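# Overview (structure and organization)
The primary structure of each chain is shown beneath.
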Amino acid sequence: MPTDTTARLRLAALYLPSVLLVCVALVQIRLGYFGTLLTPSKGGGYGLFSTVDKQPNRQVRITLIGPSGEQLVSLRRKHPLERAVYEARAYPRPARLGALAEAIAAEARGSGTQAVRVEVWKLAFDPDTLAVTRVRVAEATAPTGDGSR
Amino acid sequence: MAVADGPARRGHATLAATLAEVDRLDLATRLTLILFLVSDWVVSSDWAFSLPLRILGLVGLLVPPWNRRLGLWLPVLACMTAKTVANWWTQDNHHFLLTYWCLAVCLALPLPDDERDPILARSAKLLLGLSFLFAALWKGVLSPDFLDGAYFHYTFLTDDRFADMAAIIGQVPDAAIAHNRAELGRLYGTADATAVTLQSTPLLRTTTRLVTWWTQAIETALAVTFLWPGRGGLARLRNWVLLVFAWTTYPTVPNVGVSFGWTLMILGTAGTDPDDRLARVLYAATCAVLMVYHFTPFVAGLRVLTPWAP
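Cut-offs and rules
Residues numbered from 1 in each chain as written. Chains lettered and ligands numbered in written order. Predicted model: local features only at pLDDT ≥ 70, side-chain atom pairs only at ≥ 80, totals over all residues. Domains from an automatic or database assignment. Contact = placed C-beta atoms within 7 Å. Helix = DSSP H or I, 4+ residues; strand = E, 2+ residues; numbered from the N terminus. Nonpolar A, V, L, I, M, F, W, Y, C, P; charged D, E, K, R; others polar. Core = buried A, V, L, I, M, F, W, Y, C linked by C-beta atoms within 7 Å. Buried ≥ 20, exposed ≤ 12 C-beta atoms within 10 Å, placed from the backbone. Pairing = 2+ DSSP bridges.

Residue and element names in this part refer to chain B. Here chain B is partitioned into domain 1 (24-110) and domain 2 (117-310). For domain 1 versus domain 2, the separation of C-alpha centres amounts to 24 Å. With 19 residues of domain 1 at the contact, the number on the domain 2 side is 22 residues. Those elements that place two or more of their residues in the side of domain 1 that touches domain 2 are α2 (24-38), α3 (40-43) and α6 (93-108). When its residues are assigned to classes, the side of domain 1 that touches domain 2 shows 15 nonpolar, three polar and one charged.

See the structure below:
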């Protein structure tokens, strides 16, 4: 192997994996700390075991809005949108959450539901009072096109 | 009195001697390939990733020179990278770390023999040190609810997997955990519930603060010792700090041991100096201990033996 190729490979072997780690972690801090949507436990920034706001403690609430009021529903197991819901719990980006609401609204079309609201909630825990509260992280609403709201 | 030198004792001594003499690249790559075989979590439930990773793991272990051949590690890296990209926002940190490690192996393998192992060792130490630097940063600076003990207090009160440990360190009865789970179910399952109150014990409040400070201290120590330049000073403590971290952390979270813990043992092994034979034996032995934590009711047994646990 030519010497300059070896030197470049030596440098890459020594630093490239660590540089990647640092770049991914900094992006994760940007999104998880300054952006507030991404749970600190995901995204490769080493925030696991640091906060109650981890993915399993988040909830995606799907509400069907109709003329007779609102109804909280959950997706059946193995639903095609299960994966999208799982991702939304970790990182509810507005575009993805909007697309999820629209996909559920498309499924609800024709059932009398006028709109679908998808919310992502996280938990907060007060160690002094032992109170657990829900805090909304993100929300998206999509009309089904059935009637008017 | 002389101790009988029986076959079992001789067998253990031989195994330890063999492990000590195996070079760090051989041991670290083999531990990685074994991890692919024993951890469903690492290879994922998606057969498109788990099948090739397990086949590559088997080949690397059964055909010895292949555990250090670029021809095996390139497809391993391709699988790990594809898995990481596909699950970017949902996979845990150690999957990223394992992917960086596979990249480090692929980049080091083509190097001349006398450069490969020292460069891979430095890369492994950097990966370990930086991982714990960011972990300590999240816990100590960025997280709003770690240093006040909220994270561990909440986790021990609500996570079924921690119920036995909550009984041991906090005298929390199973009924309190069941109550807390039911309250969380009410919070999640109804539209109007926005807050619930958990049950705890004064002892758990105190011990979770100790666990919090211990975790912050040892993760900071890991960052400092693994990023410490050279072999002297605090760097001499790095293997022991990592081993103590594994021994004290993974009885509490055994499900993470045979994935994250094992990944740390791989990097620890790769980062050892050539004469750190004892550390390499202990890293390999710790992988076995992590299996015991994970696959046996170790903490439940500990609870039975703890006189004050309810």
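The discussion continues.
For the rest of this paragraph, the subject is the nonpolar core. Core analysis: the largest hydrophobic core is formed by 77 residues, its most contacted members being Trp-101, Ala-104, Leu-120 and Leu-127 of chain B. Looking at which element gives the most residues to this core, the answer is helix α7 (residues 113-142) of chain B, with 15 residues. The residue makeup of this core includes at least three contributed by each of domain 1 (24-110) and domain 2 (117-310) of chain B. Non-local contacts of Leu-127 of chain B, meaning those with residues more than four positions away in its chain, are made with Pro-17, Ser-18 and Leu-21 of chain A together with Leu-97, Tyr-100, Trp-101, Ala-104 and Leu-267 of chain B. Counting residues in hydrophobic clusters, the runner-up holds 25 residues, among them Phe-146, Phe-156, Ala-167 and Ile-169 of chain B.

Facing 40 residues of chain A, the contacting portion of chain B comprises 45 residues. Secondary-structure elements contributing two or more residues to the side of chain A that touches chain B are α1 (3-34), α2 (82-90) and β4 (131-143) of chain A. Per-element tally for the side of chain A that touches chain B: the top contributor is α1 of chain A, with 16 residues. Its residues assigned to classes, the side of chain A that touches chain B comprises 26 nonpolar, ten polar and four charged. As defined by bridge partners, β4 of chain A adjoins strand β1 (residues 195-197) of chain B across three bridges and the pair is classed as antiparallel. Paired with Val-132 of chain A across the bridge in β1 of chain B is Val-196 of chain B.

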